[in-house]
Amino acid sequence: MTVAETPTLLGRSRELRELDALIGRARTRRSGALVVSGEAGVGKTAVLDDASGRAASHVRVERMVASESEMGLPYAGLHQLCAHVMGAAERLPAPQREALEAAFGLRHLPAASPFLVGLAVLGLLTEAAGERALLCIVDDAQWLDDVSARAVAFVAPRLDSEGIAIVLAMRTVDEAFADLPQLVVGGLGDHDAHELLRLALPGAIDRRVRDQLIAEARGNPLALRELPRALGPAEHAGGFAVAGSVPLESRIERSLIAQLEPLPAATRMLLLLAAADPTGDPGLLWRAGAVLGLGPQDLGAAQRADALAVGTRVRFRHPLVRSAVYRAASPEDRRAAHAALAEATSVDRDPDRRAWHRASATPGPDEEVAADLERSAQRARTRGGVAAAAAFLERAAELSPAPLRRAQRLIAAAEAKHDAGAPDAALRLLDSARDDPLTALQEALVARLRARAGYALRRDRSGGRELLAAAQRLEPLDPTLARDTYMEALAAALYSGRLGDPDEVQTVARAILAATAADASERARDLILRGQALLAADGQVAAMPVLRRAFHAFTARPPDALELRWMWFGSRAAQDLWEVDTLRTLAGRQVELARADGVLTVLPIALSMQILAQTIDGDLDAAEAACDEIDTIKSVTGHPLPVFSRVFLAAYRGQADEVERLARPLRADAEARGEGYALSAVNYAEAILFNGLGRYGEAMASARRELSHTSELGHAMRALLELVEAAVRSGEPALAEEALARLARVTEPVGNTTALAVPCDGQGPAPRG
């Protein structure tokens, strides 16, 4: 079926052709996705209604409307999208099925990996499209909860030949969907706008009023239909100006509300119940209605006003009607609606949505409701919804009667905000706890979180020292957390390197050595902390015995959560000691364990260290596959990571344009944030590229920038390999000798075969692309 075969929406032929083409390709098993964007009321929903209605006889259509009120509920949007196809879940591999059931609260598991959930959704939709092509529509996708949005963003670009079409409608394109094909729905042209206004407002209308309505509506179809209804006969004929000071979306909502005001109070309350529950479950609507003494008899007026339709699902005629109804309701009525929905929601099947409704129904402090929200936060973390956990905890704090419990929940909410990649929001939450009475431990936790969030936001030269101060404050109160914070302080100082305080690394390292002087622990995390501090403060010879014990401890027994998190520090130490076999072993083990446990915050860092080992081995294809996996994880979790691995791969393969494209923003960002490690990575990658292309002068210029920073080891140390070669080939023997001498100073103390071989050939084990 084509657009030409049926009546089309006024002025929307282009949009309908593109949607028809997408659906047509799905019918021939060529899957795809499309993001439809445009301002509220511009006609996105109408276009989707038209296209899906005509396609329904040929494809299976699954449609949902996301809701702003449920952005804090993990997987709420995804559950709506998948609810009608969950019967196909039994055909999924067990790990995927279990992850999906855990995400939807149907199974209790320690954790539901977002990566596995994404794979499970892809598999579920594939199974659902087995015999008949599937069209999945997500309207108002800007209101999807974070983990649902990332799951959909994971699935959409991986569609191939399953017969699936995914359409996401949103007001502005969310960053998670920016790489998908786009269709922008704009305002109608002048001719079509006049015609739509004529159809919406038959009869005489003053020309000046008409022209003013056309101008102010800016081609927005909903505005053209709804705004005239707010005008009385005198305004239609008298030429009075239409007030334009209120934003268009607000004016449309006001017009919609004005049309609903004549409805009976019971009908308006029924509309509010439907607006407060975006699941579209008729059974829930009637159960909640019964709590308030409402029933199907109160629906008729809403249907006659064309505001609400109740069939297999509850649907408003336009998403703006839902938001208008909810925003226009009084606080008392909203609380009554949420209380009824909470009472009608099963505590066993959907405890988190019930807790959310209870919280929305509670006008003041209530410890029972706050504790319920805290339990929901714990479940949200288990299900991969760190952002959702923060939302639950923040509301729990607001409802906490006791100041200490309020502070405890605010700190936990701030921690969750930080872990979800929103350090600025974490700091705002901590500010709201400024006047609360805190215990000594809570004050130390606040100081730690302020230091972590500040470093995440600024990456400035004070990060290491601020984290060090937080660690020292925690030392007598929570030694385990203090050691973790010491590790963060040392990492921050090392990453700043030359661009930070020149004494910062030494200051942090010496403080760690003083704090751990009496520590005889042989745990991997304690050994790697002390070993890295020795390496930074006193060099390779002093650190080698402790670091080698750390290497053994990491591989001899399963690590705990903190050890798994910091195992990459062992891989970095192995790199600095030219321990290639150990680097390969530790990185591989961390990748294996992080995959098995679904720890996606750790896996990308572990993969980055494994990529280093793979490039040393010359296995660039395996390294590229690992880069692809990192990109996949980033799309699921949203955690940003620098693209050092990609720039090295491009350098080894001689891809000059790609290196330039990646290096330019990395260099600018490193200089702006004061991160010397990133600058070393860019200089080293450029030197590899230019030597491989025979552009020795440029290779020498890039590598020479690292000459005075050999003591930082890492990329700065390895850049000397390239400098020796570039200087020799450029006729600069003195510079080559200087680089070789500096290289010898960081290889001879190590004494292993790899290290001793490096100054002999001046190239080391790195491959040439």
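Coordinates for the structure precede this section.
These numbers come from a predicted model, not from an experiment.

(A) Region of the structure containing the overall build of the chain. Across its full length, the chain carries 38 helices and seven strands. Within the chain, buried positions represent 55% of all 769 residues. Restricting the contact set of the chain to residue pairs at least 6 apart, pairs at least 24 apart contribute 70%.

(B) Representation of the side chain of Thr-747. By the secondary structure assignment, Thr-747 is in helix H37 (residues 733-747). At 3.0 Å, the side chain of Thr-747 and the backbone oxygen of Leu-743 are in polar contact.

(C) Geometry of the sheet that holds strand S1 (residues 32-37). Here five strands make up an open sheet; going across it, the order is S2-S3-S4-S1-S5 and the pairing parallel. In this open sheet, the two strands that pair with only one neighbour each are strand S2 (60-65) and strand S5 (182-184). Strand after strand, the sheet turns through a mean of 15° between neighbouring axes, direction not considered. Relative to strand S3 (residues 134-139), S2 runs parallel, the two sharing six bridges. Its bridge partner being in S3, Glu-62 is matched across the sheet by Cys-136.

(D) Geometry of the packing of helix H34 (residues 676-692) against helix H36 (residues 714-729). H36 packs onto H34 with a crossing angle of 25° between their chain directions and a minimal axis gap of 9 Å. Looking at the two axes, H34 sits roughly parallel to H36. Helix-helix and strand crossings are classified by hand; for H34 and H36 the assignment is left-handed. On H36, the residues touching Tyr-677, Ser-680, Ala-681, Tyr-684, Ala-687, Ile-688 and Asn-691 of H34 are His-715, Ala-716, Arg-718, Ala-719, Glu-722, Glu-725 and Ala-726. Across the contact of H34 with H36, the residue classes tally to eight nonpolar, three polar and three charged.

(E) Quick peek at the packing of aromatic side chains. Tallied over the entire structure, the rule returns eight aromatic pairs. On the numbers, 6.2 Å between centres and 35° between planes, the contact of Trp-566 with Trp-568 is tilted. For the pair Trp-566 and Trp-568, one class covers both residues: buried. An angle of 65° between the planes, with centres 5.5 Å apart, marks the rings of Phe-648 and Tyr-684 as edge-to-face. Residue Phe-648 is found in helix H32 (residues 644-652), and its partner Tyr-684 is found in helix H34; the two are separated by 36 residues along the sequence. As far as burial versus exposure is concerned, Phe-648 and Tyr-684 are alike and both buried. Of the aromatic side chains, those joined through ring pairs into one cluster are Tyr-495, Trp-566, Trp-568, Phe-569, Phe-644 and Tyr-677. Positioned above the aromatic ring of Tyr-326, the side-chain terminus of Arg-334 is 5.4 Å from the ring centre. Above the ring of Tyr-495, the side-chain terminus of Arg-572 is found at 5.7 Å from the ring centroid.

(F) Structural context of the nonpolar core. If you look at the biggest cluster of nonpolar residues, it comprises 109 residues, and the most contacted ones within it are Ile-528, Leu-547, Phe-569, Phe-648 and Leu-723. At 11 residues, H34 tops the list of elements feeding residues into this core. Excluding residues that lie within four positions of it along the chain, Leu-547 makes contacts with Ile-528, Gly-531, Gln-532, Leu-535, Ala-573 and Leu-577. Membership of the second largest hydrophobic core comes to 46 residues, among which are Met-64, Ala-66, Ala-149 and Leu-180.

(G) Geometry of the pairing of strand S4 (residues 164-170). Among the seven residues of S4, seven are classified as buried, and the element is accordingly described as predominantly covered. What you see with S4 is no split at all: Ile-164, Ile-166, Leu-168 and Met-170 on one side and Ala-165, Val-167 and Ala-169 on the other are buried throughout. For S1 and S4, the ladder comprises six bridges, and the chain directions are parallel. Along S4, the bridge assignment pairs Leu-34 with Val-167. Of the strand pairs in this sheet, S3 and S4 are connected by five bridges, and their pairing is parallel.

What counts and how
- Residue positions are counted from 1 within each chain, in the order its sequence is given.
- Where totals are concerned, whole chains, interfaces and linings use all residues; where local detail is concerned, this predicted model gives features only for residues with pLDDT of at least 70, and gives and counts side-chain atom pairs only at 80 or more.
- In computing side-chain properties, one takes all heavy atoms of the structure into account and sets aside hydrogens as well as water.
- By definition, any uninterrupted DSSP run of H or I lasting at least four residues is a helix, any uninterrupted run of E lasting at least two residues is a strand, and each is numbered from the N terminus.
- For each residue, the accessible area found with a 1.4 Å probe, counting protein chains only, is set against the maximum for its type, and the residue is called buried under 20%, exposed over 50%, and partly exposed in between.
- Throughout, a residue-residue contact means that at least one pair of heavy atoms, one from each residue, lies within 4.5 Å.
- By the criterion applied in these results, polar contacts are pairs of N or O atoms within 3.5 Å in which, for protein atoms, one can donate a hydrogen and the other can accept it, and in which residues neighboring in sequence qualify only through two side-chain atoms.
- Strands are treated as partners if at least two bridges between them are detected by DSSP.
- Fitted lines through C-alpha atoms serve as axes, helices being fitted only where they are in contact, and the angles separating the N-to-C directions of these axes extend from 0 to 180 degrees.
- For classification purposes, an angle smaller than 35 degrees is called roughly parallel, one larger than 145 roughly antiparallel, one from 65 to 115 roughly perpendicular, and anything else oblique.
- Should the near helix be turned counterclockwise from the far one by less than a right angle, the crossing is left-handed, whereas a clockwise turn marks it as right-handed.
- In the scheme used here, Gly and all other residues not listed as nonpolar or charged are polar, with Ala, Val, Leu, Ile, Met, Phe, Trp, Tyr, Cys and Pro taken as nonpolar and Asp, Glu, Lys and Arg as charged.
- Side-chain rings of Phe, Tyr and Trp (the six-membered ring for Trp) are treated as a pair once their centres are within 6.5 Å; stacked means planes under 30 degrees apart, edge-to-face means over 60, and tilted covers the remaining angles.
- Two limits define a charge over a ring: the Lys NZ or Arg CZ must be within 6 Å of the ring centre, and within 35 degrees of the ring normal.
- Among the buried residues, those of types Ala, Val, Leu, Ile, Met, Phe, Trp, Tyr and Cys that are joined through side-chain atoms within 4.5 Å form a nonpolar core.

On their own, these measurements won't tell you what the molecule is for.
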